[in-house]
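Tertiary structure, described
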Amino acid sequence: MSNFVAIAIEIMNYNLPSHLSELPVYQKAMDIIMLSRSISTYLNHDLSHLNDDGTEDNDIYFSGDIVQQSSNLAPEIINVERENCRIKKHKHLESLERLTTKLYSNCRRLERSKSNGKDYLPLLRGEIRTFRKLKRHWMLTL
């Protein structure tokens, strides 16, 4: 884990409500962050080479997108938990849904890439499906 990730997680944990780190949806979001970072690192190694015509592989951008989108899952969960206004809470939940949809579709795009790392993407998509199930259950408790 890089220092930046460790610091970001430490900051998030410092301001967390005490019960939040115990929530399965939050724990799964943290798993997805770590898995997407590992997959992206692996993919970047394969996709960073230039094509024969001197252009870069466009799929490399999707590998960065999965990291960015997965990194935003946990903060959105925190925002939902902290928010008292029902309308604002609903907006954070909509944002969480958009993030998971984009993350899932970017995984599908990366599976068509020219990298051996694409074999790990079904694992990430499975984790996203599990996250969605946990999110639906969590939303019923709000």
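Higher on the page you've got the structure.
Now for a description of the structure that goes with this document. (Residues numbered from 1 in each chain as written. Predicted model: local features only at pLDDT ≥ 70, side-chain atom pairs only at ≥ 80, totals over all residues. Heavy atoms only, no water.)

Here R129 is to be found in helix α6 (residues 121–140). In the structure, R129 is positioned 29 residues away from T100 in sequence and 9.0 Å away in space, judged by C-alpha atoms. Of the polar contacts made by the side chain of R129, one reaches the side chain of Y104; its length is 3.0 Å. (Helix = DSSP H or I, 4+ residues; strand = E, 2+ residues; numbered from the N terminus. Polar contact = N/O pair within 3.5 Å; in protein donor to acceptor, adjacent residues only side chain to side chain.)

We now examine helix α5 (residues 86–111). With 26 residues, α5 should cover 38 Å at 1.5 Å per step; its first-to-last C-alpha distance of 38 Å lies within 8% of that length. All of the buried residues along α5 are K89, H92, L93, S95, L96, L99, T100, L103, Y104, N106, C107 and L110. Elements that come into contact with the buried residues of α5 comprise α2 (24–47), α3 (59–71), α4 (73–82) and α6. (Expected span 1.5 Å × (residues − 1). Buried < 20%, exposed > 50% of the residue type's maximum accessible area, 1.4 Å probe, protein only. Contact = heavy atoms within 4.5 Å.)

All right, on to the nonpolar core then. Counting residues in hydrophobic clusters, the biggest one holds 32 residues, and the most contacted among them are Y26, I66, L73, I77, L124, F131 and W138. Those elements that place two or more of their residues in this core are α2, α3, α4, α5 and α6. Here this core takes 10 residues from α2, the largest share from any one element. If sequence neighbours within four positions are ignored, I66 has contacts with S36, I39, L103, N106, C107, L110 and L124. (Core = buried A, V, L, I, M, F, W, Y, C linked by side-chain atoms within 4.5 Å.)

A few words on a positive patch on the surface. Residues R108, R109, R112, R129, K133 and R136 make up a contiguous surface patch of positive charge. Contributions of two or more residues to the positive patch are made by α5 and α6. Top element by residues in the positive patch is α6. It accounts for three residues. Mapped onto the fold, R112 is located in the loop between α5 and α6. (Patch = residues over 30% accessible without salt bridge, like charges linked within 9 Å, V, L, I, M, F, W, Y side chains within 5 Å. Areas by Shrake-Rupley, 256 points an atom, 1.4 Å probe, with all protein chains shown as cover. Salt bridge = Lys/Arg side-chain N within 4 Å of Asp/Glu carboxyl O. Lys, Arg positive; Asp, Glu negative; His and termini not counted. Charge placed at Lys NZ, Arg CZ, Asp CG, Glu CD.)

The packing of two helices is summarised by the inter-axis angle and the distance between the axes. Their axes nearest at 9 Å, the elements α4 and α5 cross at an angle of 165 degrees. By the angle between their directions, the pair α4 and α5 is classed as roughly antiparallel. Note on packing geometry: the crossing formed by α4 with α5 is left-handed. For the pair formed by α4 and α5, the contact residues are L73, E76, I77, N79 and V80 on the first element and K89, H92, L93, S95, L96, L99, T100 and L103 on the second. (Axes fitted to C-alpha atoms, helices over the stretch in contact; angles between N-to-C directions. Parallel < 35°, antiparallel > 145°, perpendicular 65-115°, else oblique. Left-handed = near helix turned anticlockwise from the far one by under 90°.)

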